[in-house]
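Here is what each chain is made of, one letter per residue.
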Amino acid sequence: MRIRGADVITEVLIEQGVDTVFGYPGGAVLEIYDALYKHRGEITHHITAHEQGAAHAADGFARATGKTGVVIATSGPGATNLVTGIATAYMDSVPMVAITGNVGSGLIGKDSFQEVYTMGITMPITKHNYMVQRAEDIAPTLREAFRIAGSGRKGPVLVDITKDATINECDYLPQPGFVEEKAPPENDEAVWEVLNYMGRSRRPLICFGGGVIASGANDTLYALMHKAQIPAVHSIMGTGVLSWDDPLNIGLVGMHGFATGNRAIDAADLVLAIGFRFSDRVALNVGRWAPNAKIVQIDIDPSEVNKNVHIDHAVVGDIDLVLKKLLPMLEATGHEAWLDEINAWRRDDYHPADSRTELKPHQVIKTLAEMAGPDAVLVTDVGQHQMWAAQYCRRVKPRSFLTSGGLGTMGFGYGAAIGAKVGVGERRVVHITGDGCFHMNMNEVCTAVTYNLPVITVILNNSVLGMVRQWQHSFYEDRFSSTTLDRVTDYVKVAEGFGATGYRAKTPDEFADAMEKALLAEGPVWIECLIDRNEQVLPMIPAGGTLDDMILE
Amino acid sequence: MSKKQQVVSMLVDNNAGVLARISSLFARKGFNIDSLTVSATDDARLSRITITTQGDKQVLDQILSQTGKLVEVRRVVAVDPAASIQRELLLVKVKADQAMRSTVREAAEIYKARVVDLSVESMVVELTGKPSKIDGFLAVISQYEILEMCRTGVTALERGSTVLGQDLDE
């Protein structure tokens with residue numbers, strides 16, 4: 001069948017099982033939007049306020065559902081506005097296909113209106129990218145884009161398509177959509193060697209990260225750790241893999257992790273790093289990280305081995321497949337003394353005190369997590385609120401805590417929450433943000449209003465850029481350069497102006513009331529929570545530091 | 001292990017932008033490029049890129065695994081100097097009047113370099129060989145005034161019948 005290039009795009013999207021896309025129309029993608037109009041029964045397009053919001057929405061959709069997110073933008077500024085969103089997805093290995101229009105192939109390189117070299121700009125922030133100038137190349141390229149985005153270590157792929165390629169006709173033959181084939185471990189010997197390391201260890205510790213979620217390995221990991229009674233700690237990206245109250249889940253580690261997890265890393269004689277990339281926010285001092293341990297790594301990406309930390313033994317392959325090979329071979333053992341030691345440390349962990357009269361950030365997080373329920377998806381922005389959320393979100397399942405862990409993108413949250421809500425349907429979505437982050441992309445509330453998405457936004461308003469201020473307090477002698485915002489934004493009025501609902505809370509009771517109303521609302525709701533500007537995220541180990549440098553007040 | 005000269009050879013898809021991808025990866029990961037050559041191969045769909053770089057084993061392993069992740073890189077290997085042939089071409093323009101010519105020519109002859117251009121004031125000498133041979137010749141010739149010079153960078157092939165990318169699908 002001969003169809004226009006733009007129709008090939010929608011046909012391939014349908015082939016790949018895509019029924020939801022996010023984006024923003026423009027001159028170079030008029031044909032694509034015409035095709036989307038024709039196929040509006042099969043593909044629902046969500047227009048955002050800004051292309052950045054669309055990119056974060058596609059990312060949030062992918063993180064919440066495990067499917068590949070799709071975002072469409074026009075040439076020039078449309079494409080450049082995607083950049084932060086694509087880079088965010090790249091750093092957290094989120095599968096995404098970004099489709100951008102470009103000017104007609106005859107206008108390429110002539111500084112045409114809304115022309116930019118999208119390939120060059122996005123090269124370092126995509127797994128791969130393409131420029132397509134002929135209609136007949138669209139189908140094979142887009143199929144390849146879905147394959148690359150969704151296989152191995154997942155990530156964003158960008159396909160830039162010239163306008164004439166979307167107008168011209170070509171032959172199109174439907175094909176089945178891409179189905180991920182998981183990569184088995186490169187060799188079984190390497191897997192058995194892990195058992196030898198485990199057999200020799202008395203103080204083993206599992207360190208896991210987002211790779212476990214990407215591989216869908218949470219059940220296998222749970223079975224393995226419980227069979228061998230091995231405690232586990234996780235990076236922020238691993239939040240929700242294990243239930244927060246699992247006795248073997250020692251919780252968050254790194255810069256703002258609890259002391260126990262970081263002590264366990266120091267004391268362990270074996271670290272099993274699973275889908276865990278030793279970021280500088282976790283392996284704060286690579287030379288002195290896990291100083292008493294052999295380190296065994298399981299990861300899909302061979303370039304993660306020995307990248308930041310010296311690895312004693314590595315297995316490269318899909319985490320779930322590797323763990324499934326290990327599981328039956330593993331002896332059911334106990335590490336009672338080791339677990340007792342860890343549990344004794346836990347009693348000394350720092351936890352801030354609750355209050356009945358004023359709003360304490362950790363308490364707001366605990367309350368909203370409990371009221372939204374275990375099934376809710378929590379989405380954060382970046383900064384202090386993100387760390388409080390990571391510490392106290394009490395998640396019980398994977399893909400229920402979405403955060404920009406790698407790039408640390410302020411302004412990620414609202415777009416991502418919208419994408420997540422579109423993806424998870426009836427499940428609750430709560431967006432946790434601060435007043436700094438929220439000012440970056442709060443305009444996306446218009447999207448939530450348009451599509452009637454009941455996303456609840458909880459704004460921890462301390463009137464300052466809290467995380468930067470905290471560093472200025474700890475390391476710059478309270479020189480609060482450009483972090484005292486003291487904005488007078490009336491969040492309730494702004495929400496109302498956009499057609500949403502806003503509440504303000506100053507006490508725990510007021511917050512619980514507002515949250516109760518928000519949970520019953522049919523559309524988006526904001527709850528502004530007034531917190532003290534001197535609140536700190538504790539504990540904190542400074543960059544490059546060790547447990548000895550931990551700040552507790 | 002200390003920093004040392006490493007030669008990395010790769011077969012890449014002969015697409016527009018493939019060189020930009022590789023140089024961008026080297027730049028953002030902080031890998032050095034001492035020299036880089038790109039050339040055609042017997043297969044029109046593939047190009048061969050040879051990069052010389054500095055680094056210890058950890059850096060070399062990162063270069064290989066990071067480069068290997070690029071979709072358009074079909075094969076990438078570290079070239080073992082003992083089991084390979086490495087060659088480079090040098091063109092050097094030396095200031096040499098009539099009185100100097102014979103001494104320049106003498107030095108060139110010892111290195112099996114060829115004089116390929118002659119003018120009243122200058123000579124151009126061409127030399128092909130291992131990088132160390134080129135370095136040696138340059139050390140000698142730099143006694144004269146070098147007006148300009150150009151080295152191609154290293155190209156390399158493994159000795160014997162093994163072929164990089166032999167196992168690539170059609």
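Along each chain, the written sequence defines residue order, and numbers are assigned to residues from 1. Written order decides the labels, with chains lettered from A and ligands numbered from 1. Where totals are concerned, whole chains, interfaces and linings use all residues; where local detail is concerned, this predicted model gives features only for residues with pLDDT of at least 70, and gives and counts side-chain atom pairs only at 80 or more.

A.B. asks: Tell me about the sheet that holds strand β7 (residues 156-162) of chain A, residues and numbers included.
C.D. replies: Residue and element names in this part refer to chain A. A pair of strands is labelled paired if DSSP reports no fewer than 2 bridges between them. Put simply, DSSP marks the helices as runs of H or I at least four residues long and the strands as runs of E at least two long, and each gets a number from the N terminus on. A sheet is described by the order of its strands in space; here 6 strands give the open sequence β3-β2-β4-β5-β7-β6, paired in parallel fashion. The sheet is open, and its two edges are formed by β3 (44-47) and β6 (128-132), each paired on a single side. On average, each strand axis in the sheet is inclined to that of its neighbour by 20°, with strand direction left out of account. Sheet topology places β6 next to β7; 5 bridges connect them, and they run parallel. Axis lines are fitted through C-alpha atoms, for helices just across the contact stretch, and the angle between N-to-C directions can take any value from 0 to 180 degrees.

A.B. asks: Quick rundown of the environment of A:Ala376? Include the residues and the values.
C.D. replies: Residue and element names in this part refer to chain A. Within the secondary structure layout, Ala376 lies in the loop between α14 (361-372) and β15 (377-380). Around each residue's C-beta, the other C-beta atoms within 10 Å are counted; 20 or more make the residue buried, 12 or fewer make it exposed, and counts in between make it partly exposed. All C-beta atoms are placed from the backbone. Since 22 C-beta atoms lie within 10 Å of it, Ala376 is described here as buried. Placed 54 residues apart in sequence, Ala376 and Val430 show a C-alpha to C-alpha distance of 7.2 Å. In this view, Ala376 contacts Ser400, Arg427, Arg428, Val429 and Val430; residues no more than four positions away in its chain are not counted. Contact between two residues is assigned when their C-beta atoms, built from the backbone, lie within 7 Å.

A.B. asks: Could you give an account of the interface of chain B and chain A, naming the residues involved and the relevant values?
C.D. replies: Each partner contributes residues to the interface: chain B has 12 residues there, and chain A has 10 residues. Only α1 (18-29) and α2 (57-69) of chain B provide two or more residues apiece to the side of chain B that touches chain A.

A.B. asks: I'd like a description of the domain arrangement of chain A, backed by residues and values.
C.D. replies: Residues and elements named next belong to chain A. The source of the domain bounds is an automatic or database domain assignment. By domain assignment, chain A separates into domain 1 (2-171), domain 2 (188-346) and domain 3 (361-530). The distance between the C-alpha centroids of domain 1 and domain 2 comes to 37 Å. Counting residues at the interface gives 5 residues for domain 1 and 5 residues for domain 2. Across the side of domain 1 that touches domain 2, the residue classes break down as no nonpolar, 2 polar and 3 charged. Classes in brief: Ala, Val, Leu, Ile, Met, Phe, Trp, Tyr, Cys and Pro nonpolar; Asp, Glu, Lys and Arg charged; the others, Gly included, polar.

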